[in-house]
Amino acid sequence: MEKEAVARIKIDKLLQESGWRFFDSEEGKLNVVLEDRVTLKKVDINDLGEDYEKTSNGFMDYLLLGPDGNPLIIIEAKKSSINPLEAQNQAKNYAKGKKVNYVILSNGNIHYFWNLKKNEMKTI
């Protein structure tokens, strides 16, 4: 069975090819933060279900920063054997914690862009 790390390698490559930066470089400051911590409210944790670790903090897989350095998009990665839509509640709660309106759900092969403000989702 494939691990989430394989999906992350694919996502990393796609992000780099699209101009996102994991490190400061001549092109500019980093604009991808890995495993960023987010504070969740108790009600958000409850929404994640029984399998979620009972903690007041979670870790987003990716946080993409806008040109101003503020949080812009959450990316939640899952292994390829999992439909990325299964991470909707988890990612939505991370987005609430960082006050962002956009989420990408991906398993490395299928990618969904979700505009939370409009509650619209499309495959990208």
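Residues numbered from 1 in each chain as written. Predicted model: local features only at pLDDT ≥ 70, side-chain atom pairs only at ≥ 80, totals over all residues. Heavy atoms only, no water.

Enquirer: Can you explain the nonpolar core? Please cite residues and give values.
Expert: Membership of the largest hydrophobic core comes to 14 residues, with the highest contact counts inside it found for Ile74, Ala95, Val103 and Leu105. Among the elements of the structure, β4 (62-65), α3 (88-98), β6 (102-106) and β7 (111-115) are those that each provide at least two residues to this core. Apart from the residues lying within four places of it in its own chain, the contact partners of Leu105 are Glu76, Pro84, Leu85, Ala87, Gln88, Ala91, Ile110, His111, Tyr112, Trp114 and Met121. Tyr62, Leu64, Ile75 and Ala77 belong to the second largest nonpolar core, which has 10 residues in total. (Core = buried A, V, L, I, M, F, W, Y, C linked by side-chain atoms within 4.5 Å. Buried < 20%, exposed > 50% of the residue type's maximum accessible area, 1.4 Å probe, protein only. Helix = DSSP H or I, 4+ residues; strand = E, 2+ residues; numbered from the N terminus. Contact = heavy atoms within 4.5 Å.)

Enquirer: Account for the pairing of β7, with residues named and values stated.
Expert: The buried count for β7 comes to 4 of 5 residues, which makes it a mostly enclosed element. Bridge analysis of β6 against β7 gives 5 bridges, and the strand direction is antiparallel. By the bridge assignment for β7, Leu105 is matched with Tyr112. Linking β6 to β7, which pair antiparallel, is a turn of 4 residues; within it Gly108 sits at a positive phi near 90°. One ladder, built from 4 bridges, connects β7 with strand β8 (residues 120-123); its direction is antiparallel. Counterpart to Phe113 in the pairing with β8 is Lys122. Here β7 hands over to β8 after 4 residues, with Asn119 in that stretch at a positive phi of 55°. (Pairing = 2+ DSSP bridges.)

Enquirer: If you had to explain the environment of Gln90 to someone new, which residues and values would you point to?
Expert: Residue placement: Gln90 occurs in helix α3. With relative accessibility at 17%, the residue Gln90 sits in the buried group. Within the structure, the side chain of Gln90 is placed 3.1 Å from the side chain of Lys78, a separation counted as a polar contact. (Polar contact = N/O pair within 3.5 Å; in protein donor to acceptor, adjacent residues only side chain to side chain.)

Enquirer: Run through the sheet that holds β4, naming residues and quoting values.
Expert: Strand order in the open sheet formed by 6 strands is β1-β4-β5-β6-β7-β8, with mixed pairing between adjacent strands. Looking along the sheet, the strands with just one partner apiece sit at the ends: β1 (32-34) and β8. Neighbouring strand axes in the sheet, compared pairwise and without regard to direction, differ in orientation by 20° on average. Sheet topology note: the strand β5 (residues 71-77)/β6 ladder contains 5 bridges and is parallel. (Axes fitted to C-alpha atoms, helices over the stretch in contact; angles between N-to-C directions.)

Enquirer: Go over α3 with me, naming the residues and quoting the values.
Expert: The periodicity of an α-helix, 3.6 residues per turn, causes residues three or four places apart in sequence to face the same way. Three or more residues of α3 are buried, namely Gln90, Ala91, Asn93, Tyr94 and Ala95. At the exit of α3 stands Lys99, carrying a positive phi of roughly 55°.

Enquirer: Describe the pattern of salt bridges, with residues and values.
Expert: Enumeration according to the criterion identifies 6 salt bridges in this entry. One salt bridge connects Arg8 with Glu4, and the closest N-O pair in it is separated by 3.0 Å. On the criterion of helical spacing, the pair formed by Arg8 and Glu4 is a turn pair, its members being 4 residues apart in helix α1 (residues 4-17). Here Arg8 ties to Asp61 by a salt bridge, and the two come within 2.2 Å at their closest N and O atoms. Of this pair, Arg8 sits in helix α1 while Asp61 sits in the loop between β3 (57-59) and β4, placing them 53 residues apart in sequence. Across the pair, exposure class does not vary: Arg8 and Asp61 are buried alike. (Salt bridge = Lys/Arg side-chain N within 4 Å of Asp/Glu carboxyl O.)

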